[in-house]
Amino acid sequence: MNHPEAVSRLKPLSVNDLIAMKRRGEKIACLTAYDASFGAMIDKAGIDIMLVGDSLGMVIQGQQTTVPVTVDDMVYHTRCVSRARRRSFVIADLPFLSYTTSVVAAKNAAKLMQQGGAQMVKLEGARIEIVSFLVDQGVPVCGHLGLLPQSINYVGEYTVQGKERAAAEKIIEDAHKIELAGAQLLVLECVPAHLAKQISTELTIPTIGIGAGVDCDGQVLVLYDMLAIGTAKRPRFSKNFMHDAESIEAAISNYHQSVKDGQFPALEHSF
Ligand code: KIV
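Structure report, in brief. (Residues numbered from 1 in each chain as written. Predicted model: local features only at pLDDT ≥ 70, side-chain atom pairs only at ≥ 80, totals over all residues. Heavy atoms only, no water.)

1. Some points on empty space enclosed by the protein
Right, on to step 1. Evaluation of the coordinates by the stated rule reveals 1 cavity of 30 Å³ or more.
Right, on to step 2. By volume, the largest cavity is sized at about 40 Å³.
Right, on to step 3. When its residues are assigned to classes, the lining of the largest cavity shows 7 nonpolar, no polar and 1 charged. (1 Å grid on protein atoms, 1.4 Å probe; cavity = no way out; pocket = protein on both sides within 12 Å on 5 of 7 lines; lining within 4 Å. Points joined across faces, edges and corners; volume = space filled by probe spheres on them. Nonpolar A, V, L, I, M, F, W, Y, C, P; charged D, E, K, R; others polar.)

This is the structure we're talking about:
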């Protein structure tokens with residue numbers, strides 16, 4: 001584990017460092033972050049990626065879903081997190097309806113990167129043409145498959161995806177297409193562990209799982225879930241790291257260590 005004081009002296013991570021971690025079998029630790037104070041703590045704990053997720057709609061803004069989150073909201077929070085960044089790689093979500101066409105996606109990615117300071121943008125679903133266009137413009141892209149929270153009004157509930165064979169095959173096919181389109185990371189949310197394992201083995205780019213089992217190349221949790229902040233019920237795939245920690249710093253550090261050691265997620269957090 002990186003000693004926190006040593007972390008501030010380390011060089012900022014690039015996407016190539018994350019790909020190298022996959023190659024050498026080192027797990028990638030990722031947490032969501034929405035502001036500079038938590039961002040500084042997360043960075044100092046040696047977490048490799050800070051994801052400014054549109055989950056901020058729920059945990060910061062008190063919305064029911066991520067649908068109302070705007071590009072301006074994302075730029076504001078990404079800028080806050082980026083100011084605290086020393087070593088972690090910063091990814092920002094393109095929110096709902098901010099990538100309706102390739103040009104719209106590029107304009108909004110520009111805002112997240114130029115005004116927000118993100119190093120990569122994440123978008124949900126198999127939007128292959130858009131991924132390919134962004135990559136051609138030099139925008140590093142993270143895909144997101146499985147449960148797609150921006151599609152909640154279609155899906156109906158936040159539940160495991162890819163349980164049936166046809167749905168699993170579609171997710172596998174889409175994962176390959178996203179890699180071929182040039183994405184350099186892929187988030188897998190709420191899919192059976194065996195499916196995430198197969199995808200992680202077949203792809204050369206790192207997979208980051210949330211409710212996707214221990215065999216992903218990395219793990220991400222929503223910060224407020226793992227710190228047990230807020231009134232919403234904690235999802236089954238998350239864990240309360242505050243439960244046996246004396247401070248927020250210790251909880252984040254325990255999460256970091258558990259991901260690196262392959263201790264988290266345990267079977268009870270997987271599907
Ligand atoms: O918005 C978010 O926090 C996310 C994670 C759940 C992966 O996309």
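2. Topic: the side chain of Glu189
Right, on to step 1. Note on placement: Glu189 falls in strand E6 (residues 185-189).
Right, on to step 2. The buried charged residue Glu189 lacks any salt bridge partner; its closest oppositely charged side chain belongs to Lys122, at an N-O distance of 6.0 Å.
Right, on to step 3. Every residue in contact with Glu189, bar those within four places of it in the chain, is listed here: His144, Leu145, Gly146, Leu147, Pro149 and Ile210. (Helix = DSSP H or I, 4+ residues; strand = E, 2+ residues; numbered from the N terminus. Buried < 20%, exposed > 50% of the residue type's maximum accessible area, 1.4 Å probe, protein only. Lys, Arg positive; Asp, Glu negative; His and termini not counted. Salt bridge = Lys/Arg side-chain N within 4 Å of Asp/Glu carboxyl O. Contact = heavy atoms within 4.5 Å.)

3. Some words on the sheet that holds strand E3 (residues 89-93)
Right, on to step 1. With parallel pairing, 8 strands are arranged side by side around a closed barrel as E1-E2-E3-E4-E5-E6-E7-E8. Across this sheet, the average inter-strand angle for adjacent strands is 25°, counted without regard to direction.
Right, on to step 2. Pairing of strand E5 (residues 141-146) with E6 involves 5 bridges; the strand directions are parallel. From the neighbouring strand, Gly146 faces E6, where its bridge partner is Glu189.
Right, on to step 3. Sheet strands in contact with helix H5 (residues 71-84) are strand E2 (49-52) and E3, and its direction is about 155° off that of E2.
Right, on to step 4. Each of strand E1 (28-32) and strand E8 (218-221) is contacted by helix H12 (residues 248-260), which is oriented at about 145° to E1, the strand it contacts most. (Pairing = 2+ DSSP bridges. Axes fitted to C-alpha atoms, helices over the stretch in contact; angles between N-to-C directions.)

4. Looking at the layout of surface pockets
Right, on to step 1. Computed from the structure, the largest pocket encloses a volume of approximately 920 Å³.
Right, on to step 2. Residue lining of the largest pocket: 39 residues in total, with Met58, Val222, Asp225, Pro235 and Phe237 positioned closest to the centre.
Right, on to step 3. Its residues assigned to classes, the lining of the largest pocket comprises 20 nonpolar, 10 polar and 9 charged.

5. Examining helix H9 (residues 165-180)
Right, on to step 1. Look at H9: 23 Å from first C-alpha to last across 16 residues, which is about the 22 Å you get at 1.5 Å a residue.
Right, on to step 2. When we look at burial in H9, the residues that qualify are Ala168, Ile171, Ile172, Asp174, Ala175, Ile178 and Glu179. The arc that holds every buried residue of H9, seen down its axis, measures 165°, which confines them to one face. Looking at H9, the residues exposed on the side facing more than 90 degrees away from the buried face are Arg165, Ala166 and Leu180.
Right, on to step 3. Contact partners of the buried residues in H9: helix H7 (128-136), E5, E6 and helix H10 (193-202).
Right, on to step 4. In the segment just after H9, Gly182 is the residue with positive phi, at about 110°. (Expected span 1.5 Å × (residues − 1). Arc of directions from axis to C-beta.)

6. With respect to the packing of helix H3 (residues 36-44) against H12
Right, on to step 1. Relative to each other, H3 and H12 sit at 50°, their axes nearing to 9 Å. Between H3 and H12, the crossing angle belongs to the class labelled oblique. Both H3 and H12 take part in a crossing whose hand is right-handed. Every residue of H12 that contacts H3 at Phe38, Met41 and Ile42 is listed here: Ile248, Glu249 and Ile252. (Parallel < 35°, antiparallel > 145°, perpendicular 65-115°, else oblique. Left-handed = near helix turned anticlockwise from the far one by under 90°.)

7. Re the site of the ligand
Right, on to step 1. If you check the shell around the ligand, you find Thr32, Leu51, Gly53, Asp54, Ser55, Asp93, Lys122, His144, Val187, Glu189 and Ile210 and nothing else.
Right, on to step 2. Contacts to the ligand include Asp54, whose side-chain N or O atom sits 3.1 Å from an oxygen atom.
Right, on to step 3. The side chain of Asp93 places a nitrogen or oxygen atom 3.1 Å from an oxygen atom of the ligand.
Right, on to step 4. Surface burial for the ligand is 96%, taken as the share of its 260 Å² of free accessible area covered by protein chains.
Right, on to step 5. Here the ligand is seated within the largest pocket.
Right, on to step 6. When grouped by side-chain class, the residues that make up the shell around the ligand number 3 nonpolar, 4 polar and 4 charged. (Near = heavy atom within 4 Å. Polar contact = N/O pair within 3.5 Å; in protein donor to acceptor, adjacent residues only side chain to side chain. Areas by Shrake-Rupley, 256 points an atom, 1.4 Å probe, with all protein chains shown as cover. Sits in = over half its atoms within 2 Å of the grid points.)

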